[in-house]
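# Fold and contact review
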Amino acid sequence: MKKYSILFFFLIFNSFVFAQNHKTQNIIVVTLDGFRWQEMYRGADSTLINSKYTDTKADVRKKFWAETPTERRKLLMPFIWSTVAANGQLYGDRDNGNCDEVANVYHFSYPGYNEIFTGFPDTRVNSNNPVANPNTSVFEFLNKQKGFENKVAVFASWEAFPAIFNVGRSGLNVNAGYTDFAENHIDDRLKFLNELQHKAPHYLGDTRIDFMTFEFGKEYLKEYKPRVLYLAFDETDDMAHAGNYKMYLNQAHQEDAYLQELWQYIQTDPAYKNKTTLIITCDHGRGDLSPDAWRSHGSIIKNSEQTWLAVIGPDTPADGIIQTQTTTYHKQLAQTIAMLLGFDFKKNANHEVADAIESTMIKELVSLGK
Ligand SMILES: [Zn+2]
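These notes cover the structure that comes with them.

Conventions we followed
- Residues numbered from 1 in each chain as written.
- Predicted model: local features only at pLDDT ≥ 70, side-chain atom pairs only at ≥ 80, totals over all residues.
- Helix = DSSP H or I, 4+ residues; strand = E, 2+ residues; numbered from the N terminus.
- Rg over C-alpha atoms; globule rule 2.2 N^0.38 Å.
- Buried ≥ 20, exposed ≤ 12 C-beta atoms within 10 Å, placed from the backbone.
- Contact = placed C-beta atoms within 7 Å.
- Axes fitted to C-alpha atoms, helices over the stretch in contact; angles between N-to-C directions.
- Parallel < 35°, antiparallel > 145°, perpendicular 65-115°, else oblique.
- Nonpolar A, V, L, I, M, F, W, Y, C, P; charged D, E, K, R; others polar.
- Pairing = 2+ DSSP bridges.
- Left-handed = near helix turned anticlockwise from the far one by under 90°.

### Some points on the overall build of the protein
A count of helices and strands for the protein gives 18 helices and 10 strands. Relative to its length of 370 residues, the protein is compact, with a C-alpha radius of gyration of 20 Å against a globular reference of 21 Å. With the C-alpha coordinates aligned to their principal axes, the bounding extent of the protein is approximately 75 × 50 × 45 Å. Among the 370 residues that make up the protein, the fraction classed as buried is 51%. For the protein, restricting intrachain contacts to residue pairs at least 6 apart in sequence, the fraction spanning at least 24 positions comes to 68%.

Written as structure tokens, this is what we have:
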């Protein structure tokens, strides 16, 4: 009997203390599909600039080339290398011995996103076909928590996301591909974006251009004030498959600017300021042994499991580049998202979930939470 009452006390104490101390009330996740850690940490790659995959080489050099990797990465991702490097954390700089990777063996998108959001690399999720995900995501879990009901939203370029989040079961608000944003009372700007997206260039087939995805997400953030927002960009991967290094770099640079705009907004809106954590990552890496290997990824492409991860928020230590000789896995992100918001997804999921990356949270908060 005693054993149970101690356990009971522990559980009550546990959630009480945790909820009192952490500052994160909202989470924003942004993914850059198939964007490599190599460009994140080293900037533009001379081998690729000098290859057949870069036309107008002079333009690319002018915009993104500098002598050192430190200078080059600042040219490519100025927001990451000013704001996040100074006030947040950057994982996966293999040149410093820190590794970040996907735990799934497939190294392509659906298995990658399943791993991030459900917390485990399920071997049943082994194709990019838009089949309804059998697993529960941390978003589905959060959407059922008090104060989070209908406050979780996803805006995605890739049209497979409604299946990845199993909207039929989860009821999550997922706007993906060129689907109109449908709510009863939508403002004029969202109405305009609905019209605009059908007139915008559809050069990626059913996959929406990231510019539209960003504009929808930004407007939704302002109007609906979600507690959890996920923006899933796609064009870095599309441009790499197309063998267009210039556009791959341009898109990464553009998405860094979107991140800057988001972060600026977060810091000016009282609903978000100093209580929002931003997590930025990708679904898989790409090859790096030759220019041809860069175009692709997958189980047969060496090193395409290698990824990166960035975190910035009020509960995250400002460590900059993580220098520890450790490996973080994307399967840890679901529980990391839950932990930052004061929840335990692992305990409540109906499948295995990897442990959180505890170093994303100030030590005292993590130990109080246990
Ligand atoms: Zn791809």
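### Looking at the packing of helix 12 (residues 210-224) against helix 14 (residues 245-266)
Any two packed helices are characterised by the angle at which their axes cross and by the distance between the axes. Orientation of helix 12 relative to helix 14, taken along the N-to-C sense of each, is 5 degrees, at an axis distance of 11 Å. Classed by the angle they form, the pair helix 12 and helix 14 counts as roughly parallel. Here Asp 210, Phe 214, Lys 218 and Leu 221 of helix 12 come into contact with helix 14, specifically with Gln 251, Glu 255, Tyr 258, Leu 262 and Tyr 265. By residue class, the composition of the contact of helix 12 with helix 14 is 5 nonpolar, 1 polar and 3 charged.

### Quick notes on the sheet that holds strand 5 (residues 173-176)
Working definition: the strands of a sheet are paired by backbone hydrogen bonds and lie parallel or antiparallel to each other. Taken in spatial order, the 8 strands make up an open sheet running 5-4-6-1-7-8-2-9, and their pairing is mixed. A single partner strand is all that each edge strand has here, and the edge strands are strand 5 and strand 9 (320-321). Pairing of strand 2 (residues 89-91) with strand 8 (residues 309-312) involves 3 bridges; the strand directions are antiparallel. Across the sheet, residue Leu 90 finds its bridge partner in strand 8, namely Ala 310.

### Quick word on the packing of helix 11 (residues 188-199) against helix 12
Where helix 11 meets helix 12, the closest approach of the two axes is 10 Å, and the angle between their N-to-C directions is 165 degrees. Considering the angle they form, helix 11 stands roughly antiparallel to helix 12. Once helix 11 is placed against helix 12, the crossing between them reads as left-handed. The residues of helix 12 that touch helix 11, namely those facing Arg 189, Leu 190, Leu 193 and Gln 197, are Met 212, Glu 215, Phe 216 and Glu 219.

### Things to note about the environment of Leu 221
Within the element layout of this structure, Leu 221 appears in helix 12. In sequence terms Leu 221 and Tyr 272 are 51 residues apart; their C-alpha atoms lie 9.9 Å from each other. Setting aside residues no more than four positions away along its own chain, Leu 221 makes contact with Pro 226, Leu 229 and Tyr 265.

### A look at unusual backbone geometry
Although it is not a glycine, Thr 56 adopts a positive phi angle of roughly 40 degrees. Following the sequence through the fold, Thr 56 ends up in the loop between helix 3 (46-49) and helix 4 (57-64). Phi angles above zero are rare outside glycine, and Asn 150 is one such case at about 55 degrees. Assignment of secondary structure puts Asn 150 in the loop between helix 8 (138-142) and strand 4 (152-156). Owing to 12 C-beta atoms within 10 Å, Asn 150 belongs among the exposed residues under this scheme.

### What about the pairing of strand 6 (residues 228-233)?
Most of strand 6 sits out of view: 6 of its 6 residues are buried. Along strand 6, one buried face is formed by Val 228, Tyr 230 and Ala 232 and the opposite face, lined by Leu 229, Leu 231 and Phe 233, is buried too. Across 6 bridges, strand 1 (residues 26-32) lies against strand 6 in parallel orientation. Note that in strand 6 the partner of Thr 31 across the bridge is Ala 232. Pairing of strand 4 with strand 6 involves 5 bridges; the strand directions are parallel. Residue pairing in the sheet places Ala 153 in a bridge with Leu 229 of strand 6.

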